Amino acid sequence: QKLTTNKDIVMKVFLHYEDNANSDYHKTLKITLPKSWKSGPASNLLSQFVESYNAKFQETNPLSVDEMHLSLRKAIERSEKTQLVALCSDDVVIDEIPDRGDVYICHGASLTKADKEAEEKAVQKEQEDLLKNTVSCTRFGCSKRFRKDGPIPDCRYHRLPPVFHETAKYWACCPKKKAYDWDEFQRIPGCMTGKCTDVKEEGQKLFLGGTDLREQASEGAKLKSIDDFNKAQAQGGEAAPVLDRLKKVMQELDIEPELFDQVVNGIKKELEPQALPDADLLKAVADELGSNLKKMMKNVAAEQLRIK
């Protein structure tokens, strides 16, 4: 019994031209390949399509074989999206194009496999030279490279490392901006600005996971009383309770401490019926005060727009 080979199978392909803003010039051509074409160069398909296309659009939108190339739509790694990947003019059809496959006719001259290899080597050499003569920014979310002897580029980065927990991806400093796709995650803008640096922060993890989040939650649960908050305040900076930090900022804005205390105590009195623990009460006061300040800022902004 005679074995059936790939060369014996009838092969069909769908050729699409959609690389034009005017859909009136789009065209799809379905062709059954001659046996000799399956083991021949992909350029045969391009020539066949252009000949068929120009028979209809010669006067309005003629195409030139020398200025077009073939592409296949392929999945992007670590993404649900796809992209067009160019074929070389001397690629063997049966090796690169699946039976009943969709092939796209795109603007831009075709490359041979030798052209593509030379181009890839040039890109690789350029990348090697870049790595050799520059350093990478160590700030989270910044991928810029720069020469150590300057100039140092501006940097937009994240203050804390990324968190990869289950399917969610986000930056620890921006927990409300979650992504579930790698490309979408990389597009989350940084929350800090400054200058790039190649100095690594000692002891800082490159990323956080579920175990890190549980440890942080456990540490946060330890602050349950006002005494604990006062101890944290004594450490200063980010460890101080938000109300105390806000009070200091208000003083710098010429708002009397007595006025601030009066407002905070008034909110506490309103929340007394809820009988909240000390730590929860302080958080509830901070949330309410923050909400009121936000409303005030919005009113000011609206008034400014009205005046304009």
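Our structure is the block above this text.
Residues numbered from 1 in each chain as written. Predicted model: local features only at pLDDT ≥ 70, side-chain atom pairs only at ≥ 80, totals over all residues. Heavy atoms only, no water.

Caption draft 1: Highlighting the sheet that holds strand β5 (residues 101-107). Read from one edge of the open sheet, 5 strands run β2-β1-β5-β3-β4, paired in mixed fashion. Edge positions in the sheet fall to β2 (27-32) and β4 (82-86), since each of these pairs with one other strand and no more. Neighbouring strand axes in the sheet, compared pairwise and without regard to direction, differ in orientation by 35 degrees on average. Where strand β3 (residues 68-75) meets β4, 5 bridges bridge the pair, whose relative direction is antiparallel. (Pairing = 2+ DSSP bridges. Helix = DSSP H or I, 4+ residues; strand = E, 2+ residues; numbered from the N terminus. Axes fitted to C-alpha atoms, helices over the stretch in contact; angles between N-to-C directions.)

Caption draft 2: A look at the sheet that holds strand β9 (residues 162-165). Strand order in the open sheet formed by 3 strands is β9-β10-β11, and the pairing between neighbours is antiparallel. The open sheet has two free edges, formed respectively by β9 and β11 (174-179), since each of these has just one partner strand. The mean inter-strand angle of the sheet, taken between neighbouring strand axes irrespective of direction, is 30 degrees.

Caption draft 3: Spotlight on a nonpolar patch on the surface. A surface patch of nonpolar side chains, about 340 Å² in accessible area, is lined by F164, L206 and F207. The topology assignment puts F164 in strand β9. (Patch = residues over 30% accessible without salt bridge, like charges linked within 9 Å, V, L, I, M, F, W, Y side chains within 5 Å. Areas by Shrake-Rupley, 256 points an atom, 1.4 Å probe, with all protein chains shown as cover. Salt bridge = Lys/Arg side-chain N within 4 Å of Asp/Glu carboxyl O.)

Caption draft 4: Looking closely at the nonpolar core. In terms of nonpolar packing, the biggest core is built from 23 residues, with V13, L15, L45, F49, L70, I97 and I105 touching the most fellow members. Among the elements of the structure, β1 (12-17), β2, α2 (43-57), β3 and β5 are those that each provide at least two residues to this core. Looking at which element gives the most residues to this core, the answer is α2, with 6 residues. Leaving out residues up to four positions away in the same chain, I105 has contacts with L15, H16, Y17, E18, D19, L46, F49, M68, H69 and L70. Grouped together as the second largest cluster of nonpolar side chains are 11 residues, M250, L281, V285 and L289 included. (Core = buried A, V, L, I, M, F, W, Y, C linked by side-chain atoms within 4.5 Å. Buried < 20%, exposed > 50% of the residue type's maximum accessible area, 1.4 Å probe, protein only. Contact = heavy atoms within 4.5 Å.)

Caption draft 5: Here's a closer look at the environment of K144. Within the fold, K144 resides in the loop between β6 (135-136) and β7 (145-146). Note on K144: relative accessible area 39%, which makes it partly exposed. Through-space distance from the C-alpha of K144 to that of C155 is 8.1 Å; in sequence the pair is 11 residues apart. Ignoring anything within four residues of it in the chain, the contact list for K144 reads V135, S136, C137, P153, D154 and C196. One polar contact links the side chain of K144 to the main-chain carbonyl oxygen of D154, over a distance of 2.6 Å. (Polar contact = N/O pair within 3.5 Å; in protein donor to acceptor, adjacent residues only side chain to side chain.)

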